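Overview (structure and organization)
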Amino acid sequence: MRPRRRGNKDLPANLYTNTKRTRIYYRYRHPISGEFTAFGTNKVEAVQAARHLNQLLLKQNSLIERVIQADEPFKDYLTYYAEVILPAKRSKKSGKLFTKNTITERTRIINCISREMGHYDIRKITQENVADYLNEQSTAGVHNKHRSVLKSIFKQALSDSKVKENFASNIIERDEADKKRARLTLEQYKVIYHCAEPHIQNAMELSLNIIQRREDIRIMRFDQIKGGWLYTIST
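This text gives an overview of the structure that appears in the document. (Residues numbered from 1 in each chain as written. Predicted model: local features only at pLDDT ≥ 70, side-chain atom pairs only at ≥ 80, totals over all residues. Heavy atoms only, no water.)

Side note on the packing of aromatic side chains
Remark: the centre distance and the inter-plane angle together describe each pair of aromatic rings, the angle taken between the planes. Convention followed: Two rings from Phe, Tyr or Trp (for Trp, the six-membered ring) form a pair when their centres are within 6.5 Å of each other. A pair whose planes differ by under 30 degrees is stacked, one over 60 is edge-to-face, and the rest are tilted. Runs of E in the DSSP output that reach at least two residues are strands. Runs of H or I that reach at least four are helices, and both are numbered from the N terminus. Exposed residues in this analysis have more than 50% of their type's maximum accessible area, buried residues have under 20%, and partly exposed residues fall in between, with area computed by a 1.4 Å probe over protein chains only.
Throughout the structure, instances matching the rule amount to six aromatic pairs. A ring pair is formed by Tyr16 and Phe36, whose centres lie 5.8 Å apart and whose planes are at 70°; its orientation type is edge-to-face. Within this pair, whereas Tyr16 is found in strand β1 (residues 15–20), its partner Phe36 is found in strand β3 (residues 36–40), the two being separated by 20 residues in sequence. When its relative accessible area of 6% is taken as the criterion, Tyr16 is described as buried. What makes Phe36 buried here is its relative accessible area of 17%. Between Tyr28 and Phe39, the ring centres sit 5.7 Å apart and the planes meet at 10°, which makes this aromatic pair stacked. Residue Tyr28 is located in strand β2 (residues 23–29), and its partner Phe39 is located in strand β3; the two are separated by eleven residues in the primary sequence. Given the relative accessible area of 3%, Tyr28 is considered buried. We classify Phe39 as partly exposed; its relative accessible area is 22%. Joined through ring pairs, the aromatic side chains of Phe74, Phe154 and Phe167 make up one cluster.

Next comes the structure, spelled out in structure tokens:
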């Protein structure tokens, strides 16, 4: 079972939240079909219902899966896409093959999609399934990144006659709020630095010295240092 997001950690398995404006709405995800059912805004009732449903459904899961197991699991197609199609993809701007960093990041997103949607039969996936997955993403930025990867996957699947529609392209991008950056004081930086794990301290020092984005700092490695210089390609 995947680790739960911070906002869902105190909830029973398969119970999730969506925040709209200031209200929290609860949804139950069927452990077999993956379909979501709205549970309203009452947390106590939602938790009780989720626990009861888990007792009824999870015990049946292993036996039922033998009957309803997908003939063409989406996870198999995602593996094919990641191993065969993605390495041959080219940037629309430069015409060059995707960089190693781009492939690594897209593979990471594909693995996330596979964990959440891999059990579906690719021929029976609906736009609602895709929308439910994207709505679970934590921010507008993450939503849009995963949507972009899904668009490419379904475009290829459409070409391969695996699906009849590119569901991800039908879903509107989320508007990303203007970023509001608050500067750290030197004292605040020192406090965070001394409380951080060694690898985070390394990342903080790199950030100050080479002024790179978090995504680039995260994937830097010691074996990229040659002759006293750090070689990296910005994503």
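Here the narrative resumes, following the displayed structure.
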